[in-house]
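# Architecture at a glance
Here's the letter readout for the chains.
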Amino acid sequence: MKKRLLVITALTAFSLTVGCAVEKDMSVSNINDSFNGSIQVESDGKQYECELLHTPEKVSVIKILKPDSLSGLTFSWENDKYNVAWKELSCEFNKEFIPDCSFMSNIVSVMNALHQKELLKNLPDDSDDNIYMGNCEAGEFKAIFNKDGSLKQINIDEKNIHVKMT
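Let me sum up the structure you'll find in this document. (Residues numbered from 1 in each chain as written. Predicted model: local features only at pLDDT ≥ 70, side-chain atom pairs only at ≥ 80, totals over all residues. Heavy atoms only, no water.)

Regular strands have side chains that alternate between both faces of the sheet. Pairing of strand β1 (residues 35–43) with strand β2 (residues 46–54) involves 9 bridges; the strand directions are antiparallel. Note on β2: the bridge partner recorded for F35 is H54. Where β1 folds back on β2, the antiparallel hairpin that results is connected by 2 residues, among which D44 adopts a positive phi of roughly 50°. Here β2 pairs with strand β3 (residues 60–66) via 6 bridges, running antiparallel. Residue pairing for β3: L53 is matched across the bridge by V61. Hairpin geometry of β2 and β3 is characterised by an intervening segment of 5 residues between the two adjacent antiparallel strands and by a positive phi of about 65° at K58. (Pairing = 2+ DSSP bridges. Helix = DSSP H or I, 4+ residues; strand = E, 2+ residues; numbered from the N terminus.)

Next up, the structure:
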């Protein structure tokens with residue numbers, strides 16, 4: 001009888017401590033869908049360093065810093081206006097002019113998709129990061145956010161595009 005009481009007490013104590021584990025915030029509402037900073041892009045084996053600005057209004061600007069041969073080349077998306085600028089030249093378009101296969105269009109597509117939080121799926125992970133999967137014009141993507149909701153990384157595996165926020 002004492003043995004049975006000891007087992008029941010031990011199981012009860014164990015079940016209480018299991019319930020006390022700290023859980024990650026699995027909600028999608030805590031992510032920041034805006035970004036202003038440097039990014040490192042790997043696309044089809046090529047490396048780029050860029051500045052990315054993405055606002056809550058879905059305005060995006062990508063300025064290439066490296067490779068040096070493309071330094072200063074800037075692309076912007078604002079509503080239905082698209083702009084490309086380099087050195088003293090600038091051209092504005094009223095339709096998308098960058099091919100769907102470009103890493104820039106795909107990054108902007110993912111950034112715009114992050115505004116639709118209800119379409120994102122939180123993937124379980126053992127780290128402190130929150131990983132979300134979603135779909136957009138670029139295809140299926142994973143976006144990794146740190147615990148304070150800041151964007152860390154974007155992966156679009158089917159297009160071989162990997163972006164790290166620095």
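Now that the structure is up, let's keep going.
Here the largest pocket defines a volume of roughly 370 Å³. Contributing elements (two or more residues each) for the lining of the largest pocket: β4 (74–78) and α2 (103–113). The element that contributes the greatest number of residues to the lining of the largest pocket is α2, accounting for 5 residues. Looking at the lining of the largest pocket residue by residue, the class counts come to 5 nonpolar, 6 polar and 7 charged. (1 Å grid on protein atoms, 1.4 Å probe; cavity = no way out; pocket = protein on both sides within 12 Å on 5 of 7 lines; lining within 4 Å. Points joined across faces, edges and corners; volume = space filled by probe spheres on them. Nonpolar A, V, L, I, M, F, W, Y, C, P; charged D, E, K, R; others polar.)

This part is about the pattern of salt bridges. Tallying each qualifying case throughout the model produces 2 salt bridges. Between K117 and D33 there is a salt bridge, and its shortest N-O distance comes to 2.7 Å. Of the two residues, K117 sits in the loop between α2 and β7 (121–123) while D33 sits in the loop between α1 (2–18) and β1, which places them 84 residues apart along the sequence. Judged by relative accessible area, which is 11%, D33 ranks as buried. (Salt bridge = Lys/Arg side-chain N within 4 Å of Asp/Glu carboxyl O. Buried < 20%, exposed > 50% of the residue type's maximum accessible area, 1.4 Å probe, protein only.)

The tally for this structure, following the rule as stated, stands at 1 cavity of 30 Å³ or more. Put simply, the largest cavity is a space of about 30 Å³. Considering the residues around the largest cavity, the lining is formed by A113, Q116, L119, L120, G134, N135 and F141. In terms of residue class, the lining of the largest cavity is built from 4 nonpolar, 3 polar and no charged.

Within a sheet, adjacent strands bond to each other through the backbone by hydrogen bonds, running parallel or antiparallel. Sheet architecture is open: 11 strands sit in the order β6-β5-β4-β3-β2-β1-β11-β10-β9-β8-β7, paired in antiparallel fashion. Edge strands, defined here as strands with exactly one partner in the open sheet, are β6 (89–93) and β7. Within the sheet, the average angular offset between the axes of one strand and its neighbour, ignoring direction, is 20°. Pairing between β1 and strand β11 (residues 161–165): 5 bridges, direction antiparallel. Across the sheet, residue Q40 finds its bridge partner in β11, namely K164. Across the sheet, α2 is in contact with β1, β2, β3, β4, β8 (130–136), β9 (139–145), β10 (151–156) and β11; its angle to β2 comes to roughly 40°. (Axes fitted to C-alpha atoms, helices over the stretch in contact; angles between N-to-C directions. Contact = heavy atoms within 4.5 Å.)

This part takes up the environment of V110. Looking at the secondary structure, you find V110 in helix α2. V110 sits in the buried class, given a relative accessible area of 0%. Note: C-alpha distance between V110 and C136 (26 residues apart in sequence) is 6.3 Å. Those residues in contact with V110 that sit more than four places away from it in its chain are C136, F141, I154 and I156.

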